[in-house]
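As a plain string of letters, each chain reads:
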Amino acid sequence: MVSPGVAFLGRLTVRVLSMPVVLSLGILYARRRAGVAFPLWAIIVIAATSVPLYVVYRIWRNNRRQRAEAAAMGARFAPCVPGKLIGNIDLMQMLAHKRVHGYPGDGFDEFFAQYGPVINIRVLWIDTLFTVWPEHIKQILATDFNNYEKGRRFQFGMNSVLGSGVFNSDGEMWKFHRAVTRPFFSKDKISHFDIFDRHADLVISVMKSRLRAGYSIDFQDLIGRFTMDSATEFLFGTCVNSLLANMPYAHNVAFPPLQSTSADANKFIEAFNESMLLVAEREQYGHIWPIWEIMGDKTKAPMKVVNAFLDPIIRAAVEKRKRKVKAVGDGETPGEAETLLEELLNSTSDPKVLKDETLNILLAGRDTTMHVMTMVVYFLSMYPEVCARLRAEILTRVGPVRRPTYDDIKDMKYLRAVINESMRLYPSVPFNVRDCIQSTTWTSPDPSDKPIYVPAGAKTPYSVFLMHRRKDMWGPDAEEFDPDRFFDERLKYLLNNSFQFLPFNAGPRICLGQQFAYNEMSFMLIRLLQAFKSFELDEAAFAPEALPPLEWKDAPGRKGIDRFRPKLHLTMYTTGGMWIKATEQTETEMEV
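Just so it is clear, the model here is predicted, and its values are computed rather than measured.

(A) Layout of the overall build of the protein. Scanning the protein from terminus to terminus reveals 21 helices and 13 strands. Its C-alpha atoms put the protein at 105 × 65 × 55 Å along the principal axes. Put simply, the protein has 592 residues, and 54% of those count as buried. For the protein, the proportion of contacts with a sequence separation of at least 24, taken over those separated by at least 6, is 75%. Carbon together with sulfur atoms contributes 58% to the accessible area of the protein, which is approximately 27400 Å² in total. When the 72 basic and 67 acidic side-chain charges of the protein are each reduced to a single mean position, those positions are 8 Å apart.

Below, the structure is given as structure tokens:
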């Protein structure tokens, strides 16, 4: 099979050479028919210059059309960030470097500070209108929803991993996936905590075992296993059992104890993570990403591992469904779905559609929740007074050992505030993007100025990560961690515009599993704080590359405060994990 890079270069070669070849053949034919002497060197010059001249003409024509269209709409252009090289290639190189080596938002935050809350980063003459203004995001996600789509460029890059699932589809396909998934999340199963409880017990057991042996634990890895096991059981009724597999020791443990459990679950997690990193890398390079995959599709190997786990489960579920339908008779319902996969089988038995959708939900159910809970425990380590207050609420409402109920979680306001504040500062999906279908306008952040022109075909990325930290929207202490902002007078900032806090997206594409995620995170955090009194970072356990560089120390905001290195693929995570220690709740204290 041809690699993405070879296929891309093949298409590009045909497009580039077709014009000079056709032009040359036309001149030769005309010369022969007319009998006019036309030197060969002239033909070569015309052919060689035809492509760059045509490109220049297309750019000029497009700019002219946009100026006329903007004028007709009574709109202005968004400030364009200037580059130094042709096509602003240097901007792409700089932003790609900062994405790998910098703090999330580096580069963009400087542009926004200089040019305002909406900018055009025009790389290779493709309009990319990047915004952190809530009214623009509201238009994209809600009020003008039908004019924005994921688009073919985004879908092409994600297809080898996410297929045509709900996060990688538009139009009728998106509506189909949304419709078949919605019923399961609308059921009362989101308040059934049996799955959470089983896996939470394992988390507590693993933590106690490691900590009692004198080792710190990578909480990101541990809670990622919790969310993976919970998600696979919720989706498939079959758990990957990653909490029973070998777990990492810190880099400074010279002779880690031998572990004898199966590594199959670890292979699945590693492959899943690698595939997410690779498709995020594609998005970073835009439509020219195949150039970096000349030798082959980089996602093929990790997805082979992922598919080896998923395919047998899906085949077994399809066969089980057929047997149930046969047993009850045609036209009869085979009973209530117990898993999301069974719910999907009510609408389709296509193995590809089933796999695409379950992979999309697995990404949402595992990575996003893992990140938020990692951030909550990090902040509880950094702010012991918040930890003590949250634990007091838990012990007052639930007690030291009782399993929490849905009503318990619903009534725990400070717990919700701690989760929300963690998602405000470190949202799971910090950056997102849509393609604009028809030319339109965005309201101007300055009411006295003209609206902003958005051309058809433009990429329209937005960042809730940067928006959540804007001082004009959250107050002068926007970069401080303080859950009380969701209770006190600072709540007025949020009430001014609900679209300035979007940890779960908004509009028709709002996360269907929002309440499920809140329940899962709340349940696990309650169990943690019933078992442990406090947490602390073990910075010695962090690998050197997982710690913030020394030059970040004097940076403003959280970049200069936080003691870990945040990174992102499609979702956010921490480099090298989150190594912590914890003080265990004693049985005597529980009795008291």
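(B) Inspection of the sheet that holds strand β4 (residues 217-218) at higher detail. Strand order in the open sheet formed by 3 strands is β4-β13-β10, and the pairing between neighbours is antiparallel. On the outer flanks of this sheet lie β4 and β10 (532-537), each paired with one strand and no other. Relative to strand β13 (residues 579-584), β4 runs antiparallel, the two sharing 2 bridges. In the strand pairing of β13, D218 is matched with W579.

(C) Representation of the packing of aromatic side chains. Scanning the model with the defined rule gives 36 aromatic pairs in all. The ring of W474 is capped by R424, whose NZ or CZ atom sits 5.2 Å from the centre of that ring. Looking at R469, its charged tip hangs above the ring of Y426, at a distance of 4.8 Å from the centre.

(D) Seen up close, the packing of helix α11 (residues 300-328) against helix α13 (residues 351-382). Close contact between α11 and α13 brings their axes to 10 Å; oriented N to C, the two are set at 120°. Between α11 and α13, the angle falls in the class oblique. Crossing handedness for the pair α11 and α13: right-handed. On the side of α11, the interface is formed by M303, V306, N307, L310, D311, I314 and V318, while α13 contributes P351, L354, K355, T358 and L359. In the contact of α11 with α13, the residues fall into 8 nonpolar, 2 polar and 2 charged.

(E) The arrangement of helix α10 (residues 264-285) in detail. Under the 1.5 Å per step criterion, the end-to-end length of α10 is 32 Å for 22 residues, consistent within 8% with the ideal 32 Å. At the C-terminal side of α10, G286 shows a positive phi close to 65°.

(F) Examining the UniProt feature "transmembrane region" (unreviewed entry) in the protein more closely. Under the UniProt annotation, "transmembrane region" (unreviewed entry) lies at residues 12-30 and 36-57. A distance of 28 Å separates the end C-alpha atoms of residues 12-30, which is 100% helix and 0% strand.

(G) Representation of the pattern of salt bridges in the model. Per the stated rule, a full pass over the model turns up 38 salt bridges. One salt bridge connects R490 with D488, and the closest N-O pair in it is separated by 2.7 Å. Classification of R490 by relative accessible area gives buried; the value is 12%. Owing to a relative accessible area of 25%, D488 belongs among the partly exposed residues under this scheme. Three or more residues are tied together by salt bridges with common partners; here these are E421, R424, D477, D482, R485, D488 and R490.

(H) The arrangement of the UniProt feature "binding site: heme" (unreviewed entry) in the protein in detail. Taking the numbering used here, the UniProt-annotated feature "binding site: heme" (unreviewed entry) corresponds to C511. In this structure, C511 sits in the loop between α19 (491-496) and α20 (514-531).

(I) Focus on the packing of helix α14 (residues 384-397) against helix α16 (residues 413-425). Running from amino to carboxyl end, α14 crosses α16 at an angle of 140°, the nearest separation of the two axes being 8 Å. Here α14 lies oblique to α16, going by the angle between them. Residues V386, R389, L390 and E393 of α14 form the contact with α16, whose participating residues are K413, Y414, L415 and V418.

(J) The pairing of β13, seen in detail. Where β10 lies against β13, 5 bridges are found, and the strand directions are antiparallel. Directly across from F532, in β13, lies its bridge partner E584.

(K) How the structure looks around the state of the cysteines. Applying the stated rule across the entire model yields 0 disulfides. In this structure C436 is not part of a disulfide, and its nearest cysteine sulfur, from C80, lies 16 Å away.

(L) Representation of helix α1 (residues 4-34). Compared with the 45 Å implied by 1.5 Å per residue over 31 residues, the 45 Å span of α1 between its first and last C-alpha is a close match. Approximately 35° is the largest bend angle found in α1, and it occurs at L17, with the proline P20 only one to four residues beyond. Within α1, the full set of buried residues consists of P4, G5, F8, P20, S24 and I27. As for α1, its buried residues are in contact with α2 (40-72). Looking one or two places after α1, you find G35, whose phi comes out positive at around 70°.

(M) Quick look at the environment of P566. Inspection of the secondary structure assignment puts P566 in strand β11 (residues 566-568). A relative accessible area of 1% means that P566 is categorised as buried. Sequence separation between P566 and S444 is 122 residues, and the spatial gap between their C-alpha atoms is 32 Å. Not counting residues up to four positions away in its chain, the partners in contact with P566 are G102, Y103, P104, Y426, W552 and Y573.

(N) Spotlight on the nonpolar core. One finds I121, M207, L528 and F535 to be the most contacted residues of the largest nonpolar core, which totals 157 residues. When residues in this core are grouped by element, the largest group, 15 residues, is from α13.

(O) Examining the environment of K450 more closely. Along the polypeptide, K450 turns up in the loop between β7 (440-442) and β8 (452-454). By relative accessible area, which is 49% here, K450 ends up partly exposed. Through-space distance from the C-alpha of K450 to that of A75 is 5.4 Å; in sequence the pair is 375 residues apart.

(P) Quick peek at the side chain of H136. Mapping H136 onto the fold places it in helix α5 (residues 134-143). A relative accessible area of 0% means that H136 is categorised as buried. A polar side-chain atom of H136 sits 2.6 Å from the main-chain carbonyl oxygen of T443. Setting aside its immediate chain neighbours within four residues, H136 contacts V118, T131, W442, T443, P445 and I452.

(Q) Representation of unusual backbone geometry within the structure. Phi at N88 is positive, roughly 55°, even though this residue is not glycine. Unlike most non-glycine residues, L124 shows phi in positive territory, near 55°. By the element assignment, L124 lies in the loop between β1 (118-120) and β2 (129-131).

Rules used in this analysis
- Residues numbered from 1 in each chain as written.
- Predicted model: local features only at pLDDT ≥ 70, side-chain atom pairs only at ≥ 80, totals over all residues.
- Heavy atoms only, no water.
- Helix = DSSP H or I, 4+ residues; strand = E, 2+ residues; numbered from the N terminus.
- Buried < 20%, exposed > 50% of the residue type's maximum accessible area, 1.4 Å probe, protein only.
- Contact = heavy atoms within 4.5 Å.
- Areas by Shrake-Rupley, 256 points an atom, 1.4 Å probe, with all protein chains shown as cover.
- Lys, Arg positive; Asp, Glu negative; His and termini not counted.
- Charge placed at Lys NZ, Arg CZ, Asp CG, Glu CD.
- Pairing = 2+ DSSP bridges.
- Phe/Tyr/Trp six-rings, centres within 6.5 Å; stacked < 30°, edge-to-face > 60°.
- Lys NZ or Arg CZ within 6 Å of the ring centre and 35° of its normal.
- Axes fitted to C-alpha atoms, helices over the stretch in contact; angles between N-to-C directions.
- Parallel < 35°, antiparallel > 145°, perpendicular 65-115°, else oblique.
- Left-handed = near helix turned anticlockwise from the far one by under 90°.
- Nonpolar A, V, L, I, M, F, W, Y, C, P; charged D, E, K, R; others polar.
- Expected span 1.5 Å × (residues − 1).
- UniProt positions renumbered as here; feature names shortened; annotations may be inferred.
- Salt bridge = Lys/Arg side-chain N within 4 Å of Asp/Glu carboxyl O.
- Disulfide = S-S within 2.5 Å.
- Bend = angle between axes of the 7 residues up to and from the residue.
- Core = buried A, V, L, I, M, F, W, Y, C linked by side-chain atoms within 4.5 Å.
- Polar contact = N/O pair within 3.5 Å; in protein donor to acceptor, adjacent residues only side chain to side chain.

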